[in-house]
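Notes for the structure review
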Amino acid sequence: MDCGEGVQFQSLRFGLNIQKLDYIFVSHLHGDHVFGLIGLISTLSMWDRRKKLKIYSPHGLKKTIDAQLDYNKAPLNYELDFVELDTTESHKIIDNDHFEVVTVPLEHGIACMGYVVKEKPRPRNLIKEYLHEGMKISHIRTLKRGEDVVDHVGKVIYKNEDFTLPESPIYSYAYLSDTKYLETVVPIIEGVSVLYHEATFLEEHRSRADTTYHSTVMDAAMIAKLAKVDKLIIGHFSSRYESLEKFIEEGERNFEAIELAFDGKKIVLRAQ
Ligand SMILES: [Zn+2]
Ligand SMILES: [Zn+2]
């Protein structure tokens, strides 16, 4: 999600394999969100990427990337597939067996959108050692669906919980950067496991937040509260602040489960 200047360096530093990327989701065309993209695209080609890379963004990104590639005179080894979207409405842009992705209209003085990724429910996990030859395929399918196997008079033959483990938890992630305080996002991101929300300013600079279409940490925390998310991660801090402690202090007034983002931070999600 987004592609700032440091993306290649930090991916190497934290051992992420950029060749595995299938999708890039760009929120808007301000430099701090896209200046790493042309470098990343070129490196992938130099490293002999062959598979297509799909890039979602507001209108205008393809033109800027194509212009840079034209001047480079170094054709790519792989295909770029740009999907440029209207940012005033929410769109479901990916829907496969494993996850779906929905866009979130934002207000930032320039076309801008966030993204929500939701895992799809997975079938229950069968305990293979407990299955035996007397079971029919149809019995196993029934158990996998989470149902008991019953005979023709409705008597339970195999009780589901004896043969399956609870399904793995389903997680969801909403990424909202950059935006002014905007309650219209709430129904779209409601109940996500993790919300990343920009929090550029503290309350003392609220007027600056208003004029630059950014949020304060209390704005971000209020959105987290209204949307009843499990966890809020904040970032995109203005460089004017030497210490970030006050961000947690102010944010906690509206929402307790709040954490600061920094490069390389790992957050482990656990079942509720
Ligand atoms: Zn911006
Ligand atoms: Zn920004």
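Source: prediction; values computed, not measured.

**Here's the deal with the overall build of the protein chain**
Broken down by element type, the protein chain carries 10 helices and 14 strands. Each principal axis of the C-alpha distribution contributes one length, and for the protein chain these read about 70 × 50 × 35 Å. Residue burial in the protein chain is summarised as follows: out of 272 residues, 42% are buried. The contacts of the protein chain with a sequence gap of at least 6 include a subset with a gap of at least 24, amounting to 66%. Of the roughly 15500 Å² of accessible surface on the protein chain, 52% is carried by carbon and sulfur atoms.

**Here we look at the coordination of the zinc ion (ligand 1)**
Around the zinc ion (ligand 1), the protein contributes the donor atoms His28 (NE2), His30 (ND1), His108 (NE2) and Asp178 (OD), at 2.1 to 2.5 Å from the metal centre. As a motif over one chain, the donors of the zinc ion (ligand 1) read H-x1-H-x77-H-x69-D. Separating the zinc ion (ligand 1) and the zinc ion (ligand 2) is a distance of 3.4 Å, and Asp178 donates to both of them. Here His30 falls in the partly exposed class, since its relative accessible area comes to 31%.

**Side note on the coordination of the zinc ion (ligand 2)**
Each pair of donors in an ideal octahedron of six around a metal sits at 90 or 180 degrees, and each pair in an ideal tetrahedron of four sits at 109.5 degrees. Bound to the zinc ion (ligand 2) are the protein donor atoms Asp32 (OD), His33 (NE2), Asp178 (OD) and His236 (NE2), situated 2.1 to 2.2 Å from the metal. Classification of the site at the zinc ion (ligand 2) as irregular follows from its four donor atoms and the range of 90 to 168° in their angles at the metal. Read in sequence order, the donor residues for the zinc ion (ligand 2) give the motif D-H-x144-D-x57-H.

**Notes on the state of the cysteines**
Scanning the model with the defined rule gives zero disulfides in all. There is no disulfide at Cys3, and the cysteine sulfur nearest it, in Cys112, is 15 Å away. Of the residues examined, Cys112 reaches a relative accessible area of 0% and is grouped as buried.

**A word on the domain arrangement of the protein chain**
Split by domain assignment, the protein chain resolves into domain 1 (1-85), domain 2 (97-120 + 169-272) and domain 3 (125-165). Relative to domain 3, the C-alpha centre of domain 1 lies at a distance of 48 Å.

**Notes on a negative patch on the surface**
A cluster of like negative charges, contributed by Glu245, Glu249, Glu252 and Glu256, occupies part of the molecular surface. Along the chain, the position of Glu256 falls in the loop between helix 10 (245-251) and strand 14 (258-260).

**Examining the nonpolar core**
The biggest cluster of nonpolar side chains holds 31 residues, and the ones touching the most others in it are Val185, Ile189, Leu195, Leu232, Ile234 and Phe247. Of all the secondary structure elements, the ones that give two or more residues to this core are strand 11 (172-176), helix 7 (186-189), helix 9 (217-226), strand 13 (231-235) and strand 14. Considering every element that reaches this core, the biggest residue donor is helix 9, with five residues. Sequence-distant contacts of Phe247, defined by excluding residues within four places in its chain, comprise Ala199, Thr200, Phe201, Leu202, Val217, Ile234, Phe237, Tyr241, Ile258 and Leu260. Core analysis: the second largest hydrophobic core is formed by 18 residues, Ile18, Leu53, Leu69 and Tyr78 among them.

**Side note on helix 9**
A large share of helix 9 lies buried, amounting to seven of its 10 residues. Regarding helix 9, the residues found buried are Val217, Met218, Asp219, Ala220, Ala221, Ile223 and Ala224. Buried residues in helix 9 make contact with helix 7, strand 12 (194-198), helix 8 (206-211), strand 13, helix 10 and strand 14. After helix 9 finishes, the residue Lys228 shows a positive phi value of roughly 50°.

**Quick notes on the pattern of salt bridges**
Tallied over the entire structure, the rule returns 15 salt bridges. For the salt bridge of Lys51 with Asp22, the shortest nitrogen-to-oxygen distance reads 3.0 Å. Of the two residues, Lys51 sits in the loop between helix 3 (37-46) and strand 2 (53-58) while Asp22 sits in the loop between helix 1 (7-13) and strand 1 (23-25), which places them 29 residues apart along the sequence. A salt bridge links Asp95 to Lys92, with the nearest nitrogen and oxygen atoms 3.8 Å apart. When salt bridges that share partners are traced, they join Lys92, Asp95, Glu100 and Lys120 into one network.

The rules behind each value
- Residues numbered from 1 in each chain as written.
- Chains lettered and ligands numbered in written order.
- Predicted model: local features only at pLDDT ≥ 70, side-chain atom pairs only at ≥ 80, totals over all residues.
- Heavy atoms only, no water.
- Helix = DSSP H or I, 4+ residues; strand = E, 2+ residues; numbered from the N terminus.
- Buried < 20%, exposed > 50% of the residue type's maximum accessible area, 1.4 Å probe, protein only.
- Contact = heavy atoms within 4.5 Å.
- Areas by Shrake-Rupley, 256 points an atom, 1.4 Å probe, with all protein chains shown as cover.
- Donors = N, O, S within 2.8 Å, 3.2 Å for Na, K, Ca; no water.
- Tetrahedral: all angles 85-135°; square planar, octahedral: opposite > 155°, others 65-115°.
- Disulfide = S-S within 2.5 Å.
- Domains from an automatic or database assignment.
- Patch = residues over 30% accessible without salt bridge, like charges linked within 9 Å, V, L, I, M, F, W, Y side chains within 5 Å.
- Salt bridge = Lys/Arg side-chain N within 4 Å of Asp/Glu carboxyl O.
- Lys, Arg positive; Asp, Glu negative; His and termini not counted.
- Charge placed at Lys NZ, Arg CZ, Asp CG, Glu CD.
- Core = buried A, V, L, I, M, F, W, Y, C linked by side-chain atoms within 4.5 Å.

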